[in-house]
Amino acid sequence: MRNIKKIFCLCLLVFFSAVLFGEDSEFNYSKEWHVCVGSYKVKKNALNRIEQLKKYDIETFCSEASVKDEVYYRLITKEKFDSIQDARKYRDELSSSKTADELGLKGLWVCQRMIKKSSVKLEKNSVEENTFTEEKPYSVVINTYKEESVAQTDKERLKGKEIDSYIVKKYDDEELFSFDLNSGAYKTKEEAEQHKEIIEEAGVVTKEVVDFTQEKEAIKKYDEVVQNEDIVFDNGIYVAPEILSESVQNVLNNFPVNKFYQIEEAYIFDVKNCRKNEVSYSSDSFASELLKREDVIACSSVLYNDELFNKQIIVFMVEADETFDLFKEESVPVASQNFKIRDGILHCDIYETDIAGSDNKEYILHGNCPEKNLYLYMYSGNFTQEEFLAFLDSNSEGEDLLIYPQMRRTLLVLPDENAEVKRDFCMFELKKIGMDYARERNYSNWSIPIVGHWNANAYLVQDSEKLQVGFFDLDYDYNAKSIHQLFMNEKNGIAINDDNHPQEINDVSGWFLNNYSNKELSFSTKSYIIAIDCDHYSNIQLKDLYKTGMDLKIWK
């Protein structure tokens, strides 16, 4: 009876703590206990205090907390404890120290670090009636994905073609997580091959027929991993950093998108800043031509890819002066179409050209929005006119490039403006990583699982020095932690010295490397592996790389 009363009282304590202090239900709590030495409404004040405490050998980091819908920046000691009793003991020792008196540290308390919940958590495989089994082991793999939600989108699209499909979730020690989109379950391979032909006749690209007996271990391993680990997907943030100019935001916010097409490559240029800082783009692409033009202010470019139906479209959006005339065609348009973007209407003409040896055409679209001085260029190969118009009709009205989480998790986490550091945003590129990446690195054990994910690079000029912030966006936090650990293990094999050593940042393990070509600080947090680097001969030092890392909006 006494134990029941204790449990009841504990439940009441937890309940009233949540009510009285109003801590946000969107947060989880760390298992470890820390000592909190202060809480600030202004992040800059918290970061200044961290530097002050460091001079007294008190190592702290900034942890975001939410109380009654208000955001606070807590300074938490790096010492962590398994029990609240040990944390309280350390708090009392610190509170009674001479250093605490000198720094005016009062009212210290113990707490668990608040960790914001991710929007998506991986779940185990579900057994459906039509999935393959040992009794019906043969199935058609239509495509393989590194991120589950993309597979789910294509599953819904196939349903529109009256093709039933299901997602098979797998785990491999070398490639980590993958998600196959399968269709059918048959007793014989011949039946599955016939089903594959029927799918392809509907215009869908398929990969292969697989045997369940060869896949079951990877399926079983996946279920074991997600049962024992919380594998989460971070949707990113939605507020553009202050470092992006209004013109750059214009070519982002008004960019046409189609949720059925995935980004293969994306580029964002602040052309004005590129000219000012003499930053060039070493490519023979159309984008490099735009950078040379005095009338261009900002531009964005995306290569869209629809792997399900093997279609690609290239889109450019430019903000330029009224004199801009690059998007011109001498032929007569075959159609005209207007469609709404966030800040106005795009008035578009459509042109077509023949493709040798094909009944399909190449389609080019030119458009402009006079209200915003925006110009659009779109190129599609191997489309019918009906398919191209259907692509335009299915554009997601009111949406923009930030519909893609890989854009939100990379471009939008760049630093806000900082009075202490002068930074100019010049350009940004995002690419899906192909097998050539692993091949160029001799198929090292950390390079193989990166294939199929995203590599983004932002090029900044910081205090007149060129700086690059690189992201490997690996969709899930488990991937990033696993791969970066392999990378650090490899570096550990080299002699540790001032030019090659572990380097923590905000309580996260990282690595500093200074070699003949560049200086680099790398670390892993959430779904990222991040590398901040500059030229070997740059005046930028480790402390500057560290500062840039701390200013990234990834720590919330």
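Cut-offs and rules
In every chain, residue numbers begin from 1 and rise along the written sequence. Residue-level local features of this predicted model are given only where pLDDT is at least 70; pairs of side-chain atoms are given and counted only at 80 or more, and the full residue set underlies all totals for whole chains, interfaces and linings. Just so you know, side-chain values use all the structure's heavy atoms and leave hydrogens and water out. Runs of H or I in DSSP of at least four residues are treated as helices and runs of E of at least two as strands, each being numbered from the N terminus. Within these notes, the globule rule equals 2.2 Å times the number of residues to the 0.38 power, and the radius of gyration is based on C-alpha atoms. A simple rule labels every residue: compare its accessible area, found with a 1.4 Å probe on the protein chains alone, to the largest value its type can have, and call it buried under 20%, exposed over 50%, or partly exposed in between. We call two residues contacting when some pair of their heavy atoms lies within 4.5 Å. Shrake-Rupley sampling with a 1.4 Å probe provides the accessible areas, and residues are treated as covered by the protein chains on show and by no other component. Neither His nor the chain termini are counted; the positive set is Lys and Arg, and the negative set is Asp and Glu. Taken as the charge centre is NZ of Lys, CZ of Arg, CG of Asp or CD of Glu, depending on the residue. Between any two strands, at least two bridges found by DSSP are needed for them to pair. In this analysis an axis means a line fitted to C-alpha atoms, helices contributing only their contacting stretch, and an angle means the value between N-to-C directions, from 0 to 180 degrees. The term nonpolar core refers to a set of buried residues drawn from Ala, Val, Leu, Ile, Met, Phe, Trp, Tyr and Cys, joined through side-chain atoms within 4.5 Å. Should a side-chain nitrogen of Lys or Arg be within 4 Å of a carboxyl oxygen of Asp or Glu, the pair is scored as a salt bridge. In the analysis that follows, any N or O atom pair within 3.5 Å is treated as a polar contact, provided that within protein one partner can donate a hydrogen and the other can accept it, and provided that, for residues neighboring in sequence, both atoms belong to side chains. Known as pLDDT, the predictor's confidence for each residue is given on a scale from 0 to 100. Pairing of aromatic side chains requires ring centres within 6.5 Å, counting the rings of Phe and Tyr and the six-membered ring of Trp. Pairs whose planes differ by under 30 degrees are stacked, by over 60 edge-to-face, and all others tilted.

S.K.: Before we move on, could you go through the overall build of the chain and cite the residues and values that matter?
M.R.: A tally of regular secondary structure across the chain gives 15 helices and 24 strands. In terms of overall size, the chain behaves like a compact globule, its C-alpha atoms giving a radius of gyration of 27 Å where 556 residues would be expected to give roughly 24 Å. Expressed along its principal axes, the backbone C-alpha trace of the chain runs to roughly 85 × 65 × 50 Å. Relative to its 556 residues, the chain shows a buried fraction of 51%. For the chain, the proportion of contacts with a sequence separation of at least 24, taken over those separated by at least 6, is 67%. With an accessible surface of roughly 28,100 Å², the chain has 47% of that area assigned to carbon and sulfur atoms. Mean positive and mean negative side-chain charge positions of the chain (68 and 101 charges, respectively) differ by 8 Å.

S.K.: Tell me about the pairing of strand S7 (residues 166-172), and name the residues and values.
M.R.: Taken residue by residue, a regular strand's side chains alternate between the two faces of the sheet. Burial analysis of S7 places 6 of its 7 residues in the buried class, which makes it a mostly covered element. For S7 and strand S8 (residues 176-186), the ladder comprises 7 bridges, and the chain directions are antiparallel. Bridge assignment links Lys170 to a residue of S8, and that residue is Ser178. Between the antiparallel neighbours S7 and S8 lie 3 residues.

S.K.: Describe the sheet that holds strand S9 (residues 208-211), and please don't skip the residues or the numbers.
M.R.: Across the sheet, 4 strands lie side by side as S7-S8-S6-S9; this open sheet has antiparallel pairing. The strands lining the two open edges of the sheet, one partner per strand, are S7 and S9. Neighbouring strand axes in the sheet, compared pairwise and without regard to direction, differ in orientation by 45° on average. Sheet topology note: the strand S6 (residues 138-145)/S8 ladder contains 6 bridges and is antiparallel. The partner of Thr144 across the bridge, within S8, is Asp180. Here helix H5 (residues 148-160) sits on the sheet in contact with S6, S7 and S8, set at roughly 20° to S8.

S.K.: Could you give an account of the nonpolar core, with specific residues and numbers?
M.R.: In this structure, Ile263, Tyr304, Leu401, Met407, Leu411 and Phe425 are the most contacted members of the largest nonpolar core, which totals 88 residues. Apart from residues no more than four positions distant in its own chain, Leu401 is found in contact with Leu252, Phe255, Val257, Ile263, Ile268, Val302, Tyr304 and Met407. In terms of nonpolar packing, the next biggest core, distinct from the first, is built from 40 residues, Phe179, Leu308, Ile450 and Met488 among them.

S.K.: Quick one: what's the story with the environment of Val508, residue by residue and with numbers?
M.R.: Relative to the helices and strands, Val508 resides in the loop between strand S21 (500-502) and strand S22 (510-514). You can call Val508 buried: its relative accessible area is 16%. The sequence separation of Val508 and Phe471 amounts to 37 residues, and the corresponding C-alpha distance is 16 Å. The residues contacting Val508, other than those within four sequence positions of it, are Gln503, Phe523, Ser524, Thr525 and Trp555.

S.K.: Can you tell me about the environment of Pro415, naming the residues and giving the values?
M.R.: Tracing the backbone shows Pro415 in the loop between helix H12 (405-408) and strand S18 (423-432). In contact with Pro415, not counting residues within four places along its chain, are Pro241, Glu242, Ile243, Arg423, Asp551 and Leu552.

S.K.: Tell me about the pattern of salt bridges, and name the residues and values.
M.R.: Within the structure shown, the criterion is met by 25 salt bridges. In this structure, Glu59 engages Lys78 in a salt bridge whose closest nitrogen and oxygen atoms are separated by 3.9 Å. With Glu59 in the loop between helix H2 (43-54) and strand S2 (60-67) and Lys78 in the loop between strand S3 (70-77) and helix H3 (84-95), this residue pair connects regions lying 19 residues apart in the sequence. On the basis of relative accessible area, Glu59 is assigned to the partly exposed category, the value being 32%. Notably, a salt bridge pairs Glu294 with Arg275, separated by 3.9 Å at the nearest N-O pair. Highlighted residues: Glu294 in the loop between helix H10 (286-291) and strand S12 (296-306) and Arg275 in helix H9 (residues 271-276), separated in sequence by 19 residues. With a relative accessible area of 62%, Glu294 lands in the exposed category. The structure contains a network of salt bridges with shared partners spanning Glu59, Lys78 and Glu504.

S.K.: For the side chain of Lys311, give the residues involved together with the corresponding values.
M.R.: Inspection of the secondary structure assignment puts Lys311 in strand S13 (residues 311-320). Overall, Lys311 belongs to the buried group, its relative accessible area being 10%. Of the polar contacts made by the side chain of Lys311, one reaches the side chain of Glu387; its length is 3.1 Å. Residues contacting Lys311, with those up to four places away along its chain left out, are Tyr261, Tyr304, Asn305, Asp306, Asn360, Asn382, Phe383 and Glu387.

S.K.: If you had to explain the confidence of the model for the chain to someone new, which residues and values would you point to?
M.R.: Confidence in the prediction for the chain averages 85 pLDDT; 91% of positions are at 70 or higher. In the model, residues 1-25 has pLDDT below 50 throughout and makes 18 contacts with residues more than four positions away in sequence or in other chains.

S.K.: Go over the pairing of strand S20 (residues 465-473), please, and point to the residues and values.
M.R.: When strand S19 (residues 454-462) meets S20, the two strands line up antiparallel, connected through 9 bridges. Opposite Gln462, over in S20, you have Glu465 as the bridge partner. Between S19 and S20, which pair antiparallel one after the other, the connecting turn spans 2 residues, and Asp463 there sits at a positive phi close to 50°. Pairing of S20 with strand S24 (residues 528-535) involves 6 bridges; the strand directions are antiparallel. For Val469, the partnering residue across the bridge sits in S24 and is Ile532.

S.K.: Outline the packing of aromatic side chains, listing residues and values.
M.R.: Within this structure, the stated rule accounts for 22 aromatic pairs. Pairing Tyr171 with Phe177 gives two aromatic rings, centres 5.1 Å apart and planes at 70°, and the pair type is edge-to-face. According to the relative accessible area criterion, Tyr171 is buried, its value standing at 7%. Phe177 sits in the buried class, given a relative accessible area of 1%.

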